[in-house]
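Residue-level structure breakdown
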Amino acid sequence: MALRHIVTQEDKILHKVCREQVKFDERLHQLLDDMAETLENANGVGLAAPQVGILRRVVLVIETNVEAEEDEEILELINPVIVKSEGEQVGAEGCLSVPGEYGIVRRPSCVTVRAQDRYGKWFEYTGTGLTARCICHELDHLDGHLFTEKAERMLSEEELKANRNED
Ligand code: NI
């Protein structure tokens, strides 16, 4: 495994539409393993392939809705499509490619995604809360969109400071 460089919002690659992943080979597995290491290293909850410079429809989402004693699970979503979404949540959102900035974004509270695993097998997964937010955010990356385009407003320097003090 190896850490990959995370590009930031100025990079054109983040504004392009990603292509379908067609091969479920060692090269994809290497990408997924590297992305997992990169995500963990950056303390994020999700990462899309274009963020590491690869224009393919591949994302990772960390399932954070687990019992305290359980390990968080990393979901590997290849060629993902949202097939159902319900409810609404409004909250602060950030992105590893937009460091230090947060915005208020409206998202569904529950989404079901249909995707392929690293071997090409199709499955469905339903996420709620932060996981639903993260699935939507990462899928937006695959179509070249950043949360800053969807944010109702960005948090001010004062709000960011107040949040940091709470940590
Ligand atoms: Ni992001």
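Quick note: structure is the one above.
Residues numbered from 1 in each chain as written. Predicted model: local features only at pLDDT ≥ 70, side-chain atom pairs only at ≥ 80, totals over all residues. Heavy atoms only, no water.

The tally for this structure, following the rule as stated, stands at 12 salt bridges. In this structure, Asp34 engages Arg4 in a salt bridge whose closest nitrogen and oxygen atoms are separated by 2.8 Å. Taken as a pair, Asp34 in helix H1 (residues 26-41) and Arg4 in the segment before H1 lie far apart in primary sequence, 30 residues in all. Taking relative accessible area as the criterion, Arg4 reaches 26% and is therefore assigned partly exposed. Between Asp140 and Arg107 there is a salt bridge, and its shortest N-O distance comes to 2.9 Å. Separated by 33 residues along the polypeptide, Asp140 in helix H2 (residues 130-142) and Arg107 in strand S5 (residues 103-107) bring together distant segments of the chain. For Asp140, a relative accessible area of 12% corresponds to the buried category. Since its relative accessible area comes to 5%, Arg107 is described here as buried. Here the salt bridges do not stand alone but share partners, grouping Glu93, Arg107, Arg133, Asp140 and Lys150 into one network. (Salt bridge = Lys/Arg side-chain N within 4 Å of Asp/Glu carboxyl O. Helix = DSSP H or I, 4+ residues; strand = E, 2+ residues; numbered from the N terminus. Buried < 20%, exposed > 50% of the residue type's maximum accessible area, 1.4 Å probe, protein only.)

Below, the discussion takes up the coordination of the nickel ion. Around the nickel ion, the protein contributes the donor atoms Cys95 (SG), His137 (NE2) and His141 (NE2), which lie 2.1 to 2.2 Å from the metal centre. Of note, the donors binding the nickel ion are all from one chain and are spaced C-x41-H-x3-H. Separated by 42 residues along the polypeptide, Cys95 in the loop between strand S4 (89-93) and S5 and His137 in helix H2 bring together distant segments of the chain. The residues Cys95 and His137 share a single accessibility class, namely buried. (Donors = N, O, S within 2.8 Å, 3.2 Å for Na, K, Ca; no water.)

Attention now moves to the side chain of Arg133. Looking at the element boundaries, Arg133 is found in helix H2. Looking at Arg133, the relative accessible area reads 6%, which means it is buried.

Below, the discussion takes up the sheet that holds strand S7 (residues 122-128). Ordered in space as S1-S2-S3-S6-S7, the 5 strands form an open sheet in which the pairing is antiparallel. The open sheet is flanked by strand S1 (46-48) and S7, the only strands paired with a single partner. Averaged over neighbouring strand pairs, the angle between their axes works out to 40° when direction is ignored. Pairing between strand S3 (residues 73-86) and strand S6 (residues 110-116): 6 bridges, direction antiparallel. Its bridge partner being in S6, Lys84 is matched across the sheet by Thr112. (Pairing = 2+ DSSP bridges. Axes fitted to C-alpha atoms, helices over the stretch in contact; angles between N-to-C directions.)

With that settled, the discussion passes to a negative patch on the surface. Taken together, the side chains of Glu67, Glu69, Glu70, Asp71 and Glu72 define an acidic patch exposed on the protein surface. Relative to the elements of secondary structure, Glu69 occurs in the loop between strand S2 (58-63) and S3. (Patch = residues over 30% accessible without salt bridge, like charges linked within 9 Å, V, L, I, M, F, W, Y side chains within 5 Å. Areas by Shrake-Rupley, 256 points an atom, 1.4 Å probe, with all protein chains shown as cover. Lys, Arg positive; Asp, Glu negative; His and termini not counted. Charge placed at Lys NZ, Arg CZ, Asp CG, Glu CD.)

Val59, Val61, Leu77, Val113 and Ile135 are the most contacted members of the largest nonpolar core, which has 20 residues in total. Top contributing element to this core by residue count: H2, with 6 residues. Ignoring sequence-local partners within four residues, the contact set of Val59 consists of Met35, Leu47, Ala48, Leu75, Glu76, Leu77, Glu138, Leu139 and Leu142. Counting 14 residues, the second-largest nonpolar core is a separate cluster that includes Leu28, Met35, Leu39 and Leu47. (Core = buried A, V, L, I, M, F, W, Y, C linked by side-chain atoms within 4.5 Å. Contact = heavy atoms within 4.5 Å.)

All right, on to the side chain of Asp34 then. Judged by its relative accessible area of 4%, Asp34 falls in the buried class. At a separation of 2.8 Å, a polar atom in the side chain of Asp34 contacts the main-chain amide nitrogen of Ala2. Those residues in contact with Asp34 that lie beyond four places of it in its chain are Met1, Ala2 and Arg4. (Polar contact = N/O pair within 3.5 Å; in protein donor to acceptor, adjacent residues only side chain to side chain.)

Let us look at unusual backbone geometry. Of note, Asn43 is a non-glycine position whose phi angle comes to about 60°, a positive value. Under the relative-accessibility criterion, Asn43 is labelled exposed at 71%. Even without glycine at this site, Asn79 takes up a positive phi of about 50°. Note that Asn79 resides in strand S3.

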